[in-house]
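The residues making up each chain are set out below.
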Amino acid sequence: MKTAFFTSHHVWPAHYETAMELMEDHLKQKDEVIQFYCDFDLSTCDINTEHSVEKCLNCISKRKAGLKLLSGVVEEQKFIDLTPEIKREIDKLPKSFKDFDTLCAYKIEDYSIGFSIASSIVTLLQDPYLDTKSHEKLIYDYLYTSCAIYFSLKHKLVSQKIDRLYVYNGRFAHVRAALSAAQEVGVECLLHENGCTKDHYALYYNQMPQRLNHIRRLIKEYWDKSTTPEKEKIEIGSSFFTDSFDAKDQAWFSFVKNQKKGLLPESWDTSKKNIVLFNSTEDEFFSLDKEWHNDVYSTQLEGIKKIIKDTEDWGDYHIYLRVHPHLHVRRSKELIDLHA
C-alpha cells in the first residue's frame with residue numbers, strides 16, 4: 001500500500017506524535033510511506049501566522065527529529081508544487097471579502113475553503129465575530145496557501161497513485177485543503193484526532209471528527225456491536241462524566257480542577273427560582289459547517305442577551321451565567337463581550 005501523511009501542526013502536542021505512530025505501523029507492514037511537509041513554504045499557518053523564521057525552524061527541527069526515530073525510510077515531499085495551472089487558479093482568488101458570511105460561503109469546487117479559513121482564524125484570534133476588513137491580509141494569505149495545497153495535493157495523489165492519506169483533524173484551513181483534495185480525487189482519507197483520553201487517538205474515515213451526523217452514527221454503531229453487558233456499558237459511559245465532575249485529567253487538563261465544590265454566588269437566593277445558563281466557547285463551533293449553527297439564536301451572546309431581556313420582569317426568577325472555564329484561560333474577546 002502506498003500511504004501518505006500530510007503533516008502540518010508539528011508543534012501542537014501529540015498530533016505529530018500520532019502521525020509518527022501511524023507511520024511506524026505502516027513501515028512495519030512494509031508499506032511505502034510518503035510525508036508531505038512544509039519547508040518555509042507557507043506565508044502563514046496555524047502555528048506561525050506571521051511566518052517567523054524562528055517558529056519555522058522549530059517546526060522543521062521537530063519534524064526531522066521525529067523521522068529519525070522511525071524504523072524505516074519515509075519519502076519526503078513538499079506539499080506545494082506551484083505549476084502554471086495552479087498559479088492560474090490562484091490568480092482567480094478574490095483579494096478581499098465584504099463580510100464574514102461571504103467568506104464562509106466561498107468555495108473552490110466542492111472544497112469549503114472559506115469555512116476552513118474562518119475556522120483557523122476565528123480559533124487563533126479567539127474572536128467568533130471576525131472582521132474581514134481588519135484581517136484582509138491574513139485571510140488572503142490563508143486563501144493563497146490553502147488553494148495551493150488543495151490543487152498541489154490533488155495532482156500528487158493522482159499522479160503518484162496514493163492509496164491512503166492521513167491528515168490531522170480536518171477543520172482548519174490547510175488540513176481541510178488536504179482532506180478536500182483526497183475527497184475530490186477519491187483517495188481514502190483518515191483523519192486523526194485525540195481519542196477518549198489523552199493517551200488515545202481516534203481515526204475518522206473520510207469524515208471530519210466534528211460531523212454531528214457521523215458522530216451519532218459512530219456512537220450507535222459501537223454501542224450496538226459491543227459485547228459488553230448493557231449495565232457495564234452504562235457504568236463505563238457514566239464514569240466519563242463523573243470523572244470530569246471530580247476534576248480527573250482525562251484530556252490535557254481539567255477545566256474544573258481549580259473550582260471550589262459546592263460554592264454558589266453570594267447573591268444566590270433560595271426563595272427564588274434560579275436558572276443557570278451554561279455557555280461554551282463560541283469560536284470552536286462558529287466556523288464549522290452549518291449543521292452546528294443554532295436556528296433560534298445566531299450566537300450564544302445573542303441568546304444570552306435575549307433570554308435576560310425576555311425574563312427581566314420575572315421578579316421571582318434569577319438568571320445566572322456559568323462561563324465556560326476555557327474562556328478564562330484564554331482571555332478571549334468573547335469573554336470581554338460577556339462582561340460588557
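Please read these numbers as outputs of a predicted model, since none were measured by experiment.

Asker: Before we move on, could you go through the overall build of the protein chain and cite the residues and values that matter?
Answerer: Within the protein chain, the regular secondary structure consists of 13 helices and eight strands. Taken over the C-alpha trace, the protein chain has a radius of gyration of 23 Å; the compact-globule value for 340 residues is 20 Å, and the two agree within 12%. For the protein chain, the spread of C-alpha atoms along the principal axes amounts to about 70 × 55 × 40 Å. Split into buried and exposed, the 340 residues of the protein chain put 45% on the buried side. In the protein chain, once contacts between residues fewer than 6 apart in sequence are set aside, the share between residues at least 24 apart is 70%. For the protein chain, the accessible surface area stands at approximately 18900 Å², while carbon and sulfur atoms represent 54% of it. Charge separation in the protein chain, taken as the distance between the mean sites of 45 positive and 53 negative side-chain charges, equals 1 Å.

Asker: Before we move on, can you summarise the packing of helix α5 (residues 113-125) against helix α6 (residues 136-159) with the specific residues and values?
Answerer: Viewed as axis vectors pointing N to C, α5 and α6 meet at an angle of 130°, and their least axial separation amounts to 10 Å. If you check the angle between α5 and α6, you find them oblique. For the pair α5 and α6, the crossing hand works out as right-handed. Of α6, the residues touching α5 (which contributes I113, I117, S120, I121 and L124) are L138, I139, Y142, L143, S146 and C147. Here the contact of α5 with α6 is built from residues that sort into nine nonpolar, two polar and no charged.

Asker: Give a detailed account of empty space enclosed by the protein, specifying residues and quantitative values.
Answerer: Counted under the stated rule, the structure contains three cavities of 30 Å³ or more. Size it by volume and the largest cavity reaches roughly 190 Å³. Together, 18 residues line the largest cavity, and C38, L42, C45, I47 and C59 are the ones closest to its centre. In terms of residue count, helix α2 (residues 53-68) provides more of the lining of the largest cavity than any other element does, four residues in total. Looking at the second largest cavity, it is lined by 13 residues, and the ones nearest its centre are F6, T7, S8, A19 and H192. Among the secondary structure elements, those contributing two or more residues to the lining of the second largest cavity are β1 (2-6), α1 (15-28) and β4 (164-168).

Asker: Give a description of the packing of aromatic side chains that names residues and reports values.
Answerer: On inspection of all chains with the given rule, the structure shows twelve aromatic pairs. Consider the rings of F6 and F79, whose centres lie 4.5 Å apart with planes at 25°: the pair is stacked. Within this pair, whereas F6 is found in strand β1, its partner F79 is found in the loop between β3 (75-78) and α3 (84-91), the two being separated by 73 residues in sequence. Residue F6 is classed as buried on the basis of its relative accessible area, which comes to 2%.

Asker: I'd like a rundown of the nonpolar core, residues and numbers included.
Answerer: Core analysis: the largest hydrophobic core is formed by 57 residues, its most contacted members being F6, F36, F79 and L165. Among the elements that make up this core, the one with the highest residue count is α6 (twelve residues). Once you skip the residues sitting within four places of it in the chain, L165 turns out to touch A4, F5, F6, F36, L157, A178, A182, V187, E188, C189 and L190.

Asker: Describe the environment of I304, with residues and values.
Answerer: Tracing the sequence through the fold places I304 in helix α11 (residues 300-310). Sequence separation between I304 and I319 is 15 residues, and the spatial gap between their C-alpha atoms is 9.7 Å.

Asker: Give a description of the environment of H324 that names residues and reports values.
Answerer: The topology assignment puts H324 in the loop between β8 (317-322) and α12 (325-330). H324 gets classed as buried once you look at its relative accessible area, which sits at 17%. Those residues in contact with H324 that lie beyond four places of it in its chain are F255, N279, S280 and T281.

Asker: How would you sum up the pairing of strand β5 (residues 188-194)? Please name residues and give values.
Answerer: Burial within β5 is extensive, with five of its seven residues counted as buried. Pairing of β4 with β5, which is carried by five bridges, proceeds in the parallel orientation. Opposite V167, over in β5, you have L191 as the bridge partner. Running through helix α7 (residues 173-185), the crossover from β4 to the neighbouring parallel element β5 is right-handed. Bridging between β5 and strand β6 (residues 201-205) involves five bridges; their strand directions are antiparallel. By the bridge assignment for β6, H192 is matched with L203. Taking the residues between adjacent antiparallel strands as the criterion, β5 and β6 are bridged by six residues.

Asker: So what about unusual backbone geometry? Which residues, and what values?
Answerer: With glycine set apart, most residues show a phi of negative sign, and most peptide bonds adopt trans. Of note in the backbone geometry, F40 takes a positive phi value of approximately 65° without being a glycine. Phi angles above zero are rare outside glycine, and H51 is one such case at about 60°. By relative accessible area, which is 31% here, H51 ends up partly exposed.

Asker: Provide a residue-level description of the pattern of salt bridges, including the pertinent values.
Answerer: If you walk through the whole model with that rule in mind, you get 13 salt bridges. Between E89 and K92 there is a salt bridge, with its nearest N and O atoms 3.5 Å apart. E89 gets classed as partly exposed once you look at its relative accessible area, which sits at 26%. The exposure class of K92 is exposed, given its relative accessible area of 58%. Note that E109 is salt-bridged to K154, the shortest N-O span being 2.9 Å. Remark: K154 occurs in helix α6 and E109 occurs in the loop between α4 (100-105) and α5; sequence separation between them is 45 residues. Looking at E109, the relative accessible area reads 41%, which means it is partly exposed. According to the relative accessible area criterion, K154 is buried, its value standing at 17%.

How each quantity is defined
Residues numbered from 1 in each chain as written. Predicted model: local features only at pLDDT ≥ 70, side-chain atom pairs only at ≥ 80, totals over all residues. Heavy atoms only, no water. Helix = DSSP H or I, 4+ residues; strand = E, 2+ residues; numbered from the N terminus. Rg over C-alpha atoms; globule rule 2.2 N^0.38 Å. Buried < 20%, exposed > 50% of the residue type's maximum accessible area, 1.4 Å probe, protein only. Contact = heavy atoms within 4.5 Å. Areas by Shrake-Rupley, 256 points an atom, 1.4 Å probe, with all protein chains shown as cover. Lys, Arg positive; Asp, Glu negative; His and termini not counted. Charge placed at Lys NZ, Arg CZ, Asp CG, Glu CD. Axes fitted to C-alpha atoms, helices over the stretch in contact; angles between N-to-C directions. Parallel < 35°, antiparallel > 145°, perpendicular 65-115°, else oblique. Left-handed = near helix turned anticlockwise from the far one by under 90°. Nonpolar A, V, L, I, M, F, W, Y, C, P; charged D, E, K, R; others polar. 1 Å grid on protein atoms, 1.4 Å probe; cavity = no way out; pocket = protein on both sides within 12 Å on 5 of 7 lines; lining within 4 Å. Points joined across faces, edges and corners; volume = space filled by probe spheres on them. Phe/Tyr/Trp six-rings, centres within 6.5 Å; stacked < 30°, edge-to-face > 60°. Core = buried A, V, L, I, M, F, W, Y, C linked by side-chain atoms within 4.5 Å. Pairing = 2+ DSSP bridges. Right-handed = clockwise from strand over helix to strand, strands pointing away. Salt bridge = Lys/Arg side-chain N within 4 Å of Asp/Glu carboxyl O.

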